[in-house]
Amino acid sequence: MISAYYFGSIALIMIGLYTVLVKKNLLKILVGLSIMETGVNLLLISIGYISGRSAPILSEGVGPNQAVDPIPQALVLTAIVIGVATTAMALSVAILLYKKYGTLNIEEIRRLRG
Amino acid sequence: MNGQYAALLIAIPLISAFFVPLIKKAGRKAILSYVIAVTVAQIAVAAWVFKRVYTTGKPIIVMAGGWKPPVGINLYIGYFAALFVLIVAIASFLMAVFNLRAMKTEPLDKYAMLFLLLMLGATGMIATGDIFNLFVFMEITSITAYALVAYNKTGEAAEASMKYMILGGIGSSFFLIGIALIYGATGTLNMAQLAQFAGLVNSTVVQAALALLIFGLAVEAELFPLNAWAPDAYQASPHPITAMFAAFVVKAGLYAMVRVLFLFQASSGWSGIMKLLVIMATLTVVFGEFSALRQRDVKRMVAYSSISQIGLAAFGFALVGKAGASTGVASLAVSAAVFHMVNHAIVKLLLFLAVGYVAIALGGTKLEHFKGLGRRMPVTAFSITIAAFAVVGIPMFNVFWSKVKLLIAGVEAGYTWSVFLILGASVVEAVYYFRLVHTMWFSGEDVNEKISESVPIMAMMLALVAVIIYIGLYPNTVWHVVQKAGSDLLNVGSYVKHVPLINVGVRP
């Protein structure tokens, strides 16, 4: 049952990677990067998941033996924040690129080469 | 003094970066002097840490919040980290002084903030003892680097930043998948504990995870084929930032990669991964040198040369795979690679400083701008000449020693083919650097008007030249230091021993 989560997250990573490598539109590439990040986050979460246990919040009836592994969840929280920062940065640079080049097609954004 | 004060290495740049908006109104001079003051403080702490680590012979383990590892995150500042944290601080200081001349583009307060955060990120990557914390510092470094590359707000800068960002984004996702695999297999993220468990984990998992981690870090360490962003970013970013990239950002990436790889020495799939690294490193050297030959823009040419030099250092580290970690060849190779990293930091700091200064004074870095530079800006041209001789590996200059030691280690480890390729590439390197030197001194008879050079920049360049010649004449002083740093990287047993792990978690 848990392997379904693995397949799902790997599939998301692959979809993201495909988008990044194949698409020509910069915004689609950035969407691809976000999908990839989401896939990685899901993979991390599913590694810490133990079937039938609840969220790792200490409360009545939930001790260490009833909860899933909390560390991956902490990691994913951090990774999400970093992902948001990267996406925001990328989008602002994309705006700048569009202003300077008048296009978002990566085949036309090629002044630096050699 | 208590070793825990070494946490200031992280705290000083972090807190000062976020105080920059408060002095925003005080004007350009105040902001840039503030950055200089912060880097001086950072040098003071780094020098204290360096002295303490090298006199006591014990690494400083900083435990965040007093939690013992692996429950808490720890910093590990051993011989290697102490040396490189000092290099980061000194390089940042020199570039902070250079900022006064180089940086005219507003908003300077944002620039100052990003500058300090870049220094923080590289320091953190070098000092951390936790693999996820390494990821966080890597992202701090790379997000600030993306922003700094785009800082000039030209089309080229945005393009370079975007390329870097896409590759860096893929790289960091792969790095995170690697962390997920390692965490799934071992249940820990602490580097010392990972090294303890390395021999017990399924070797296929380790190989897959290490391959993913290499992929992620190779983007930062500029190894072929993931370094396509680097020349663009070097060319488009502000001049002080270019020098910082070459001097320590890429070194931090390479160090992180090597540290993570060496932790898994005990795993059976390890030497296969190291073979992959040898191939990547050799190709990086060859690709870098041949691409540099074609360049007409000097800054871009030096950027390619920088890539290939990093490949050479990576080659030294990768030799350990074949030789076996406990052999004499391995320790020679790793020490030589660390020596090369130190030398390269000094030389490329000088080169990018001088080339950046030429760009500010003459308005560009095309080869044409360097015509007759020997008559127009003699001190700058002299510094570039010395740096060029040093990079090529002429005896009496520092890089000669590290290159020779690396190649000897390569032959002894049995990678003669790589050594041949690297030697061939070095000839190419000599060709394009001598072309630059020739252009500076023996062409452009028509340009004669002299440009008065700024005193602080001349002082910095001459100081770096003096260091290059000093290490070239007396390599042994530095060699002893880098040997210790190399053994700190290589000897994982002592790494584990020094981290006070408490016994929690299950062995896999």
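Residues numbered from 1 in each chain as written. Chains lettered and ligands numbered in written order. Predicted model: local features only at pLDDT ≥ 70, side-chain atom pairs only at ≥ 80, totals over all residues.

**Focus: the overall build of chain B**
- Each helix and strand counted, chain B has 21 helices and two strands in total.
- Principal-axis analysis of the C-alpha atoms gives chain B an extent of 75 × 55 × 45 Å.
- Counting across all 508 residues of chain B, residues that qualify as buried make up 64%.
- Intrachain contacts of chain B at a sequence separation of at least 6 include 82% that bridge at least 24 residues. (Helix = DSSP H or I, 4+ residues; strand = E, 2+ residues; numbered from the N terminus. Buried ≥ 20, exposed ≤ 12 C-beta atoms within 10 Å, placed from the backbone. Contact = placed C-beta atoms within 7 Å.)

**Some thoughts on the packing of helix H1 (residues 8-19) of chain B against helix H2 (residues 28-56) of chain B**
All names here are of chain B.
- Running from amino to carboxyl end, H1 crosses H2 at an angle of 175 degrees, the nearest separation of the two axes being 9 Å. Comparing their axes, H2 and H1 come out roughly antiparallel. Residues Leu8, Leu9, Ile12, Pro13 and Ser16 of H1 pack against Val38, Ala41, Gln42, Val45, Ala46 and Val49 of H2.
- Across the contact of H1 with H2, the residue classes break down as nine nonpolar, two polar and no charged. (Axes fitted to C-alpha atoms, helices over the stretch in contact; angles between N-to-C directions. Parallel < 35°, antiparallel > 145°, perpendicular 65-115°, else oblique. Nonpolar A, V, L, I, M, F, W, Y, C, P; charged D, E, K, R; others polar.)

**Regarding the interface of chain B and chain A**
- Facing the 30 residues of chain B at the interface are 27 residues of chain A.
- Elements that contribute at least two residues to the side of chain B that touches chain A include exactly helix H5 (131-149), helix H6 (155-186) and helix H9 (229-236) of chain B.
- The dominant element in the side of chain B that touches chain A, judged by the number of residues it contributes, is H6(B), at 17 residues.
- A per-class count over the side of chain B that touches chain A returns 17 nonpolar, seven polar and six charged.

**Here we look at H1(B)**
- Under the 1.5 Å per step criterion, the end-to-end length of H1(B) is 16 Å for 12 residues, consistent within 8% with the ideal 16 Å.
- Against H2, helix H3 (79-102) and helix H4 (108-127) of chain B lie the buried residues of H1(B). (Expected span 1.5 Å × (residues − 1).)

**Structural notes on the environment of Gly171(B)**
All names here are of chain B.
- Mapping Gly171 onto the fold places it in helix H6.
- Given 23 C-beta atoms within 10 Å, Gly171 falls into the buried group.
- Here the alpha-carbon distance between Gly171 and Phe197, two residues 26 residues apart in the chain, equals 25 Å.
- Residues within four places of Gly171 in sequence aside, it is in contact with Phe215, Gly216, Val219 and Leu226.

**Notes on the packing of helix H17 (residues 398-413) of chain B against helix H18 (residues 416-442) of chain B**
Residues and elements named next belong to chain B.
- H18 packs onto H17 with a crossing angle of 150 degrees between their chain directions and a minimal axis gap of 7 Å. Of the possible angle classes, the one that applies to H17 and H18 is roughly antiparallel. Together, Leu407, Gly410 and Val411 of H17 and Thr416, Ser418, Val419 and Ile422 of H18 make up the contact between the two elements.
- Counted by class, the contact of H17 with H18 contains four nonpolar, three polar and no charged residues.

**Some details on the pairing of strand E2 (residues 74-77) of chain B**
Residues and elements named next belong to chain B.
- Side chains Asn74 and Tyr76 of E2 all project onto a buried face; the interleaved residues Leu75 and Ile77 project onto the opposite face, where all are buried too.
- In this sheet, E2 lies alongside strand E1 (residues 60-63) in antiparallel orientation, the contact comprising four bridges. Residue pairing across strands places Met63 opposite Asn74, the latter belonging to E2. (Pairing = 2+ DSSP bridges.)

**Concerning H5(B)**
- Taking 1.5 Å per residue as the helical rise, H5(B) with its 19 residues ought to reach 27 Å, and the 26 Å between its terminal C-alpha atoms agrees with that figure.
- Extensive coverage of H5(B) is indicated by the burial of 19 of its 19 residues.

**Some details on the environment of Gly155(B)**
- Among the structural elements, Gly155(B) can be located in helix H6.
- A sequence separation of 81 residues divides Gly155(B) from Ala236(B), and the C-alpha atoms of the two residues are 9.3 Å apart.
- Apart from residues lying up to four places away in sequence, Gly155(B) is in contact with Lys100(A), Tyr101(A) and Arg111(A).

**Let's talk about the environment of Phe50(B)**
- Position of Phe50(B) among the secondary structure elements: in helix H2.
- The exposure class of Phe50(B) is buried, given the 22 C-beta atoms found within 10 Å.

**Here's the deal with the confidence of the model for chain A**
- For chain A, the average pLDDT comes to 86, and 96% of its residues sit at 70 or higher.
- Confidence scores differ between elements of chain A, with helix H1 (residues 2-22) of chain A showing the lowest mean pLDDT of 89 and helix H2 (residues 26-48) of chain A the highest of 91. (pLDDT = per-residue confidence, 0-100.)

**Quick word on unusual backbone geometry**
Residue and element names in this part refer to chain B.
- At the junction of Phe224 and Pro225, the peptide bond is cis and its omega measures out at 0 degrees in the coordinates.
- Tracing the sequence through the fold places Pro225 in the loop between helix H8 (203-221) and H9.
- Notably, Lys153 is not glycine yet its phi reads approximately 60 degrees, a positive angle.
- Locating Lys153 in the fold gives a position in the loop between H5 and H6.
- Look at Lys153 and you get exposed, because 12 C-beta atoms sit within 10 Å.
- Non-glycine residue Glu222 carries a positive phi angle of around 60 degrees.
- Structurally, the position occupied by Glu222 is in the loop between H8 and H9.
- The exposure class of Glu222 is buried, given the 30 C-beta atoms found within 10 Å.

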